[in-house]
Every structure is written in C-alpha cells, then in structure tokens.
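Reading the structure
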Amino acid sequence: MRSNEPGTHNSIDGRMSPDIQAAFHIFAAHWRKVNAEWQYPVHTHPMFEINVVLQGKQQMSVNGQSYVQNSGDILFIRPEVPHSSLGSGSSMEMTYFCLHFDIDDLTLRRALLMVDSISLSGNTPELLAIRSALDGIISSTILSESDDSHRTRLVTLHASLQLLAALSGWVLTEIPQILEAINTEATENTVSLANAIERLLQDSVSTAALTGERGGSIESIAARLGYSPTHCNRAFRQIYGMSPRQYLSGLIIRHAKLLLMDNSLSVDTIAHRLGYRDVSHFSKQFKRWTGLPPMGYRRLSHGGSAL
C-alpha cells in the first residue's frame, strides 16, 4: 500500500534509523594528590568507576585481585565490585583522577557489564580516546581557572560526550568477547524476558504522557508476561545490572527533565504526564533524584539561579 506521508511520493527506497535517547551521568569526579601514607579502604558503589593515575604509581585491589597502576594506566571497575587503594606503596607522592558514571542505555550498559578488562594500559586508539576524554574533563573542571561558567559547562559537556563515544568505541572492539560471555552466562529465554520487561517499562512512561496513568510496576508486568515478580527482577538484573524499578526511575527523571525545559508546562501538568496523581509526591521524588526541586531545576536549565 502506498504511503501518504509527506516526502514519500515518488520515493524509490528509504530507511528509518531508530530513535536514540540516552542519559550519561557522571558523579563525584575528583582529582587528588596524596602523600606516601594515603590509602582508601575497601568499598563498593552502584556506579561504574574509572580511575587513572596521572603521576607516580598506585596499588589497587579490585575484587581481591592486585593491580599496579603506573602513570597513564586506567582501571575500569564495574558496579558493586569491592575495591580499595593501598596508595603509592612507596615513599613517593601520587596523583590520580577518579570519576563514577552510569548510563541508562541498556545495550551499552550490558556491554560494559560484560567487558572482561579491568586494567587498561597501552596505546590502542580506543584507550587513547578514553584518556583524551578524561584529560578534557580534568582540564575543563578540576583544573580550570576560567570564570566563564557557561563556556566551562559546554567544554565539560563536550569532553563528557567524548568519553561516552570513547567507551562505546572500546566496547565495539570487545564485541567478540562480550558475545561469548553473553552466550555462556545467560539463556536466550532470560535475554528475551529482560528485553520484554524493558519495552513494557518504556511503554508505561509513554502511556502516562498520553493518559496520565502509568503502570509499569514489576507486579503488573510479571502478570502480563506470565512470570513471578521475583523471576522478572532476577532476569532483568542479570542482563542489565540494575533492577526494573531503578531503570523505570531513570526513564521518569529523564522525561521529567525534558518536560521541565518547556516553560509553557506547569509542574502540575508535568507530574500528571508522568503518571503522578499527587504533585507533591513528584516534587519530593524529583528533589531526591536530582538535589533540586522541579522549579529549581527549571531555573537552572534556563541559565538562572536555582536559589
């Protein structure tokens, strides 16, 4: 059947690329110079971590395995993996840079969870791209002396997107190993179930924008798919490294931020579009997620003060 869409008349062939939406969050990035006595105890956190030594040497333990980082070496640490630093292990000072990040694109997130590498060293194009992006973030934020906050933010955003691109490029070089790990660690049914849960969570946010009613509870999704909530939670976490509830929260906050960019929409309207019946509940959750109330985020996003 011939399409009546504009631009299709007399077209011979065509393809549509998939829509892409992804949030890349960077947390607690810090540069630190320490003396020979400095150490950091064993800890875990729910984000990915990248740790690079800028000067000197660092002795790290990741999941019980010892690593020695020389200047320029990177450690890539997955979420919930215990790790600690024994410092320089010598009488020398040491300087390092560390950042934590998360990504809500489940394809990239899963690939990063399956990457087998922890210690990254050498001069491959992929590692040089990661290091270049890290240098950009350090110079634009940690070591910047610029008084132009708008320019600094744009430069930092540019460097952060470079890091996202570099991580994606690194993952692409690891694809054969990742596919092998996926094939050995998860059944086809588990992957299919996790994918189905992902689609239904996305649909619940889209439906709320149209109707003001948001489903998306793991109980309702499990009933629809014919599995127990426990089984669905386990399958989703196995494949994507987070719970369905965490993923849904990420979808909601990303959509909320986009809607708050539109000054014609009231916070009440936005809360309704996200499936909240109580605007105060939405406001409290948004502040818990971002540290700012909805109107504070709106003012900040338009270049004003959040105070």
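Up top you'll find the structure we're talking about.
One structure accompanies this document, and this report is about it. (Residues numbered from 1 in each chain as written. Predicted model: local features only at pLDDT ≥ 70, side-chain atom pairs only at ≥ 80, totals over all residues. Heavy atoms only, no water.)

**Regarding the overall build of the protein chain**
Summing up its helical and strand segments, the protein chain has 11 helices and 9 strands in all. For the protein chain, with 307 residues in total, the buried portion stands at 41%. Restricting to contacts in the protein chain with at least 6 residues of sequence separation, those with at least 24 account for 72%. When the accessible surface of the protein chain is split by element, carbon and sulfur atoms take 52% of a total near 17,600 Å². (Helix = DSSP H or I, 4+ residues; strand = E, 2+ residues; numbered from the N terminus. Buried < 20%, exposed > 50% of the residue type's maximum accessible area, 1.4 Å probe, protein only. Contact = heavy atoms within 4.5 Å. Areas by Shrake-Rupley, 256 points an atom, 1.4 Å probe, with all protein chains shown as cover.)

**Details of the sheet that holds strand β5 (residues 65-70)**
Taken in spatial order, the 4 strands of this open sheet run β2-β7-β4-β5, and their pairing is antiparallel. Among the strands making up the open sheet, the edge pair consists of β2 (40-43) and β5. Ignoring which end each strand starts from, the neighbouring axes of this sheet average 15° apart. Where β2 lies against strand β7 (residues 83-85), 2 bridges are found, and the strand directions are antiparallel. Paired with H43 across the strands is H83, a residue of β7. (Pairing = 2+ DSSP bridges. Axes fitted to C-alpha atoms, helices over the stretch in contact; angles between N-to-C directions.)

**What about the side chain of T95?**
With respect to the helices, strands and loops of the structure, T95 is situated in strand β8 (residues 94-103). Classification of T95 by relative accessible area gives buried; the value is 5%.

**Notes on the packing of helix α5 (residues 188-211) against helix α6 (residues 218-225)**
Between α5 and α6, the shortest axis-to-axis distance is 11 Å and the interhelical angle comes to 125°. Accordingly, the angle class assigned to the pair α5 and α6 is oblique. Relative to α6, the crossing made by α5 is right-handed. Between α5 and α6, the contacting residues are L193, A196, I197, L200 and L201 on the first element and I218, I221, R224 and L225 on the second. When grouped by side-chain class, the residues that make up the contact of α5 with α6 number 8 nonpolar, no polar and 1 charged. (Parallel < 35°, antiparallel > 145°, perpendicular 65-115°, else oblique. Left-handed = near helix turned anticlockwise from the far one by under 90°. Nonpolar A, V, L, I, M, F, W, Y, C, P; charged D, E, K, R; others polar.)

**Considerations on a nonpolar patch on the surface**
Together, L154, L157 and L161 line one region of the surface with nonpolar side chains, adding up to about 310 Å² of accessible area. Here L154 shows up in helix α3 (residues 149-173). The class for L154 is exposed, based on a relative accessible area of 60%. (Patch = residues over 30% accessible without salt bridge, like charges linked within 9 Å, V, L, I, M, F, W, Y side chains within 5 Å. Salt bridge = Lys/Arg side-chain N within 4 Å of Asp/Glu carboxyl O.)

**Points about the nonpolar core**
I197, L201, F236, L274 and F282 are the most contacted members of the largest nonpolar core, which totals 35 residues. Where this core is concerned, the elements lending two or more residues are α5, α6, α7 (229-240), α8 (244-260), α9 (267-273) and α10 (279-290). Ranked by residue count, the leading element in this core is α8, at 8 residues. Excluding anything up to four places from it in sequence, L274 contacts A208, R214, I252, H255, A256, L259 and F282. Within the second largest apolar cluster, 29 residues are counted, among which are F24, I74, L99 and W170. (Core = buried A, V, L, I, M, F, W, Y, C linked by side-chain atoms within 4.5 Å.)

**Looking at the sheet that holds strand β3 (residues 48-55)**
Read from one edge of the open sheet, 5 strands run β1-β8-β3-β6-β9, paired in antiparallel fashion. Single-partner strands in this sheet number two, and they are β1 (24-34) and β9 (119-120). Where β1 lies against β8, 9 bridges are found, and the strand directions are antiparallel. By the bridge assignment, W31 is partnered in β8 with F97. Across the sheet, helix α1 (residues 106-114) touches β3, β6 (74-77) and β8, and the angle it forms with β8 is around 135°. Where α3 meets the sheet, its contacts fall on β1, β3, β6, β8 and β9, and the angle it forms with β1 comes to roughly 100°.

**A look at helix α2 (residues 125-142)**
For α2, spanning 18 residues, the distance from its first C-alpha to its last is 25 Å, which sits close to the expected 26 Å at 1.5 Å a residue. Turning to α2, its buried residues number three or more, namely L127, I130, A133, L134, G136, I137, I138 and S140. The elements touched by buried residues of α2 are β1, β3, β6, β8, β9 and α3. (Expected span 1.5 Å × (residues − 1).)

**What about the packing of α5 against α8?**
Two elements in contact, α5 and α8, have axes whose closest approach is 10 Å; the angle formed by their N-to-C orientations is 35°. The way α5 lies across α8 gives a crossing that is right-handed. Taken together, the residues of α8 that come into contact with α5 (itself represented by I197, E198, L201, Q202, S204, V205 and A209) are P244, Y247, L248, L251, I252 and H255.

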